[in-house]
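Chain residues, written in single-letter form:
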Amino acid sequence: MERFDLALASPRVGPEAALAELTSFRIGGRPGRLVDCFDQAELVAAVRQTDRAGGPLLVIGGGSNLLAGEELGGLTVVRDRRGAVRAEADGREIRLTADAGASWDGLVELTVERGWAGLAPLSGIPGSVGASPVQNIGAYGAEVAQVVESARVFDRRADAVVELRAEQFGFAYRDSALKRSMAESARPTPRWVVLDVTFRLDSWCPQMPVAYPGLASALGLAMGERAPLAAIRRAVLAIRRGKGMVLDAADRDTWSAGSFFTNPLVSADVAAALPPRAPRFAAAGGLVKVSAAWLITASGIERGQGLRPGAPAATSSKHVLALTNRGGATYDDVLALAAWITARVEARFGIRLTPEPVRIPPIAPAPA
Ligand SMILES: Cc1cc2nc3c(=O)[nH]c(=O)nc-3n(C[C@H](O)[C@H](O)[C@H](O)COP(=O)(O)OP(=O)(O)OC[C@H]3O[C@@H](n4cnc5c(N)ncnc54)[C@H](O)[C@@H]3O)c2cc1C
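What this report covers is the structure whose coordinates are included nearby. (Residues numbered from 1 in each chain as written. Predicted model: local features only at pLDDT ≥ 70, side-chain atom pairs only at ≥ 80, totals over all residues. Heavy atoms only, no water.)

## Regarding the pairing of strand β11 (residues 160-165)
Thinking step 1. With 6 bridges connecting them, strand β10 (residues 148-155) and β11 associate as antiparallel partners. Residue pairing in the sheet places F154 in a bridge with V161 of β11.
Thinking step 2. Here β10 hands over to β11 after 4 residues, with D159 in that stretch at a positive phi of 55°. (Pairing = 2+ DSSP bridges. Helix = DSSP H or I, 4+ residues; strand = E, 2+ residues; numbered from the N terminus.)

Next up, the structure:
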């Protein structure tokens, strides 16, 4: 067995840190409490204690899928500072178990260097291993559901550490049972807090088939042809940088949560009513996935557009699907822009966009 340490390069901030310092949107106030956990017992104890005190609780990873309000005095934020990774060979396969607090892209880079196939198309996605199954992260023809074998989680409802097998995650497009558990309870943390995730990767051949047209053309290949993992990672990172989809403190187009809306899944009838040039892809259950970016652009919304010229929240100047903080944007600024875009698309196409990031509305401190 080999061991590595890939702790998330999270900012070394004190307990007085604001969510503006802990999230890629750079928006959000100071939580009532910030607890850093360096082993599993501390993490479980912090979650349990906060739940018993009545919460609300935010288990935070890289803060790259969060939009938080300015008043958070009633919120407890728990950070997992562990980053251990264990690799075990199992025939031609590698079973890789990573602590939830490990850096997602650090893990991808490690697998590419080692020639372990499975994660390369997911290069450049910010955040932690623990959050990766929450919205079943995906990009460039891959999603994490394809390689998750199991995870150890703390089940807050059962008050127990249990193992979830892949089939228990209820993975769907940008969705899982973990994400749905938040929607049901309107809480910013799932019922299941991920402690570590085990991935099953292929150590047989340091190549993968290319499953996304834009990536295939960047590599000069036909769809389905195989490419070396390192070439896939390089090409994905280059495409992502061009869209402001790799975090860069100096580039305000990356002060975002990535894509703000998921691609809508619509019935075949709704898809057929769209103009012929609208991109569409067959999805599970006879549904059709349509491009949110195309719908937004076709509704007359441009890159770099806000509710007024110079507004602090605007679409990215590189990619219309990312809503960005141009400096000084508030929670309400971003939500107002999102509501305007949603209304424009719905009026034009009758399709309602679904926001992707987890929202944390203002939470006042509990009365003393
Ligand atoms: C520039 C940019 C590009 C992006 N590109 C993509 C992309 O291509 N594809 C994609 O799918 N996403 C993308 N995202 C979104 C984001 O990076 C992913 O959703 C990522 O998995 C979030 O990880 P995180 O650690 O930052 O989670 P956070 O933002 O810290 O948390 C998000 C949610 O996950 C929960 N969570 C965090 N850790 C745990 C845990 N250990 N157990 C249980 N719940 C937990 C939190 O409570 C919260 O509800 C992008 C974001 C940015 C800023």
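## Quick word on the sheet that holds strand β16 (residues 280-282)
Thinking step 1. What the 3 strands build is an open sheet, ordered β15-β17-β16; its pairing is antiparallel. Of all the strands in the sheet, the pair left with one neighbour each is β15 (265-266) and β16.
Thinking step 2. Pairing geometry for β16 and strand β17 (residues 288-290), over 3 bridges, is antiparallel. Bridging across to β17, F281 finds its partner in K289.

## With respect to the pattern of salt bridges
Thinking step 1. Under the defined criterion, the tally for this structure stands at 24 salt bridges.
Thinking step 2. Residue D105 pairs with R233 through a salt bridge whose shortest N-O separation is 3.0 Å. Note that D105 is positioned in helix α3 (residues 104-114) and R233 in helix α6 (residues 229-242), a separation of 128 residues in sequence.
Thinking step 3. On the basis of relative accessibility, which here comes to 10%, the residue R233 falls in the buried class.
Thinking step 4. Salt-bridge contacts for D253 lead to K318; the nearest nitrogen and oxygen are separated by 2.9 Å. Highlighted residues: D253 in the loop between α6 and β15 and K318 in the loop between β18 (313-315) and β19 (323-325), separated in sequence by 65 residues.
Thinking step 5. Assessed through its relative accessible area of 3%, D253 is described here as buried.
Thinking step 6. Connected through salt bridges with shared partners, the residues D80, R82, R86, D99, R152 and D196 form a single ionic network. (Salt bridge = Lys/Arg side-chain N within 4 Å of Asp/Glu carboxyl O. Buried < 20%, exposed > 50% of the residue type's maximum accessible area, 1.4 Å probe, protein only.)

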